[in-house]
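Each chain, written out:
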Amino acid sequence: MSAAVIEFRAARLGYGSAVVLPAVDLTVGAGECLGIVGPNGCGKTTLLRAILGAIAPQAGTVEVRARVGYCPQRTQVNTVLPFTAGDVVGLGSLKRTPDLPARVAAALEACGLPGSSERVFADLSGGQQQRALLARALIGDPDLILFDEPTRGLDLAGEHEVMQLVSQLNRAGKTLVLVSHQLHVVARYATRLVLIHGGELTVGPTEEVLSSARLQAIYGFEVCVAQVSGLPVILPAPGASA
Amino acid sequence: MIADAWSVFLNSGEHYATVLFIGVVCAYLGLFCVLRGIVFLGVALAQLAAAGVAGAFVVADALPPALGESVRSTGASLSGVGLAALGSFGLAAKPHGSRIPADARVGLVYAGSAALAVLLVWRSSRGLAELRNLLAGDVVVARHEDLIPLWIGLSAVVVVHALFWRPFLQVSQDPEFAQALGLPVRRLQWLLLGSLAVAIALSLRAGGLLLVFGFLVLPPVCGLCLGQRVRGVLGYTLAAACSGGLLGYLAASAADLPVAASVGTALLVLAGAAQLGKAHPLALGALRAGFALGAVCALFAMPLVLCWDHEPHPPHLRGDHPTPEEEATHDHAPRDLGHADPAGPEGEARPSLEVLLRALSEAPDPARRVAAVEALAAHAAPLEARLPGLLGASLDDDPAVASSATAALLRVGASPEGAAQLRRATVADEALTRLAASRALVRGGHAEAVDGLLALLDSEDLPLLYGDAVGAELRRLPRAPAEAASPRDWRVWWAEARGAIRWDAASGSFVYSSE
């Protein structure tokens, strides 16, 4: 594995006195695309927040050795005021420098939104909003980008647009951490997977982790994992009941 | 009427500037409240600050007068700010595992603090007057020294926001992303809410809940209707605050209305117009131009009124205490206020007549009542509207207030028109009005008014408390009986003395002609 960008060592993660993940040992190498999956409330967001530095480990250590960019789900951005796409992307920079407008335009263009700087963020389509948030994450030129449910609420076209960009970034050498409920998305794009269940992490290559038996044990019904045109498809088996 | 209103407005000086300053700062902060979805939190903080102020009033009542007065002025502001700041921190914290939603906690604080504020001022010796002051405010009779902490506090808030505008926006728009950027999100949020608490609590002391609520909520509504970008929303929000402040203040000056309610109504009208006009391109354009013009006028009016107001305020309005020489000048160099030019150089700070009359009867602080007397004496309103207030104040328990009002009545009585109005008042239904008017005329050299005082000696409707006041006034006349005398004795004496007594203008007193 290449140089570690993220390293959890016996990290106990939680909030206050509540423990969500009792012992996390995980290393993410440079250039990896790590997917984090699991049922609701399993601790995906807790793991992400620990990488972001939003929560400190209750025990053990968490080390992040890279500039971090963060791309949340689009619904997290407050759109009460009519922020433009340029405003949103510009606020991704800590300071307002003279070259910020040019950097904003470049980031938007890199994310397939050329000339959208003056468009109101709330008026963009779901896919465009998510790409604008990716542009915001990119404006600080990060080495590591964390994605939280990047395709939630997007139609097929939106999902495709966003994931193509994610894929391009990974090919360009960025380290990516992808948190999602959509197993087929993660299965297709992640090079390695973390499956969280019952406070425990199962880490390994995608095809190993996303086995039919393991998913059935987690979700409580039969899950069909198949390949269609070389791509993973994960669906409840016909007649499966929880 | 327009000329009068304009002259009143021109003489408003720092009070107008204060309303505008409160408006701009609260409207700007209101925008953050809207962005973060905490408008109700802002309102709850104001109510919490009101409870803090009310608590200080109750404490002040229990202390010796001198200490109590300082608690009532400075302590009230501090406790208001303190409680609002504590509330903002408490409400910003998200207790882990709490089943009570955030807006319910805000509602709890709002209802609790509102009830507490009412109960506390109820217990205060000046209960209702202070309750009304907290709700409606009396910025126009606020003294200069009361406004200084407000200006300093609001300036500090402006500086904090000038320095932290960008991080405040970042933590408000997407706190989790701000955290990823490495910003100290929690500390920035506390600073933002702390600045909100300080601005609200200080503005509340000077302007009352109504003015603060109005500026916090309504200008951002206008901004959201008229602006298409964040910069536009911010611009129109501030423009609405300025325009509403100007319109409200002008209306209050023209129609003798309370400033807070006038400004609130003006803002409501502007918000309604913005809401109705936003859907029609032509109306939207006209509204935008109107708001921008209103803001320009409001801002240009500020240096105008501040320069116009270069004439010194009455000493008590300035917060200084008069020197003995000033007092003497007050009493013995009457100015003809009965004929005062409404817009003339005599004119000084002129808040609305209603506010002044209310301050005279309800302001707990004697210095404020003195300031109200001075402002009333110089007010542009017709004398018949001002005279009852001055007559009432001349019988005030506080010697400084009574002396100031008596001096003003002397100036009134020095003009034929003023004397005629005072004479009419000597036959008023109210015994106290008759007493005050007769006394003012007698002190101004009108010997015939002694009959009015004599008539009061056996008047059944004169409160017992004032019975001695009539005798004391008569004893000021030369060769009056030194000992208590019956009404009949007084009449006998006056029948003999009437022909021998004359007014000596040089000494400003009656003399016996044989002297």
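These figures come from a predicted structure and were not determined experimentally.

**Student:** Give a detailed account of the interface of chain B and chain A, specifying residues and quantitative values.
**Tutor:** Taken residue by residue, the interface counts 24 residues in chain B and 30 residues in chain A. When the two sides are added together, the surface that chain B and chain A hide from each other amounts to roughly 2400 Å², 58% of it contributed by carbon and sulfur. Considering only the side of chain B, the residues that lose the most area to chain A are B:R166, B:Q173 and B:E176, jointly responsible for 29% of the buried surface there. At the boundary of chain B and chain A, one finds three salt bridges. We note a salt bridge from A:R49 to B:E176, for which the minimum N-O separation is 2.9 Å. Secondary structure elements with two or more residues in the side of chain B that touches chain A: α2 (14-36), α7 (144-173), α8 (175-181) and α10 (230-255) of chain B. Considering only residue class, the side of chain B that touches chain A consists of 11 nonpolar, seven polar and six charged.

**Student:** Describe in detail unusual backbone geometry, supporting the description with residues and values.
**Tutor:** A positive phi angle, near 45°, is found at A:E149, a position not held by glycine. Relative accessible area serves as the criterion here: at 3%, A:E149 is assigned to the buried category. Non-glycine residue B:R479 carries a positive phi angle of around 60°. With respect to the secondary-structure elements, B:R479 resides in the loop between α22 (467-475) and α23 (487-497).

**Student:** Which residues make up the sheet that holds strand β1 (residues 4-15) of chain A, and what values do they have?
**Tutor:** All names here are of chain A. Spatially, the three strands line up as an open sheet ordered β2-β1-β4, and their pairing is antiparallel. Here the strands that pair on one side only, and so sit at the sheet edges, are β2 (18-29) and β4 (59-64). Neighbouring strand axes in the sheet, compared pairwise and without regard to direction, differ in orientation by 20° on average. As judged from the five bridges shared by β1 and β4, these two strands associate in the antiparallel manner. Directly across from E7, in β4, lies its bridge partner E63. The sheet strands contacting helix α1 (residues 44-52) are β1, β2 and β4, and the helix crosses β1 at an angle near 120°.

**Student:** Summarise the packing of helix α21 (residues 450-457) of chain B against α23(B); cite the residues concerned and give the values.
**Tutor:** Residue and element names in this part refer to chain B. Between α21 and α23, the least distance of the axes is 9 Å, while the angle of their chain directions is 160°. Put simply, α21 runs roughly antiparallel to α23. Note on packing geometry: the crossing formed by α21 with α23 is left-handed. Of the residues in α23, those touching α21 at V450, D451, L454, A455 and L457 are P487, W490, R491 and W494. By residue class, the composition of the contact of α21 with α23 is seven nonpolar, no polar and two charged.

Definitions and limits used
Residues numbered from 1 in each chain as written. Chains lettered and ligands numbered in written order. Predicted model: local features only at pLDDT ≥ 70, side-chain atom pairs only at ≥ 80, totals over all residues. Heavy atoms only, no water. Contact = heavy atoms within 4.5 Å. Buried area = accessible area lost by both parts, 1.4 Å probe. Salt bridge = Lys/Arg side-chain N within 4 Å of Asp/Glu carboxyl O. Helix = DSSP H or I, 4+ residues; strand = E, 2+ residues; numbered from the N terminus. Nonpolar A, V, L, I, M, F, W, Y, C, P; charged D, E, K, R; others polar. Buried < 20%, exposed > 50% of the residue type's maximum accessible area, 1.4 Å probe, protein only. Pairing = 2+ DSSP bridges. Axes fitted to C-alpha atoms, helices over the stretch in contact; angles between N-to-C directions. Parallel < 35°, antiparallel > 145°, perpendicular 65-115°, else oblique. Left-handed = near helix turned anticlockwise from the far one by under 90°.

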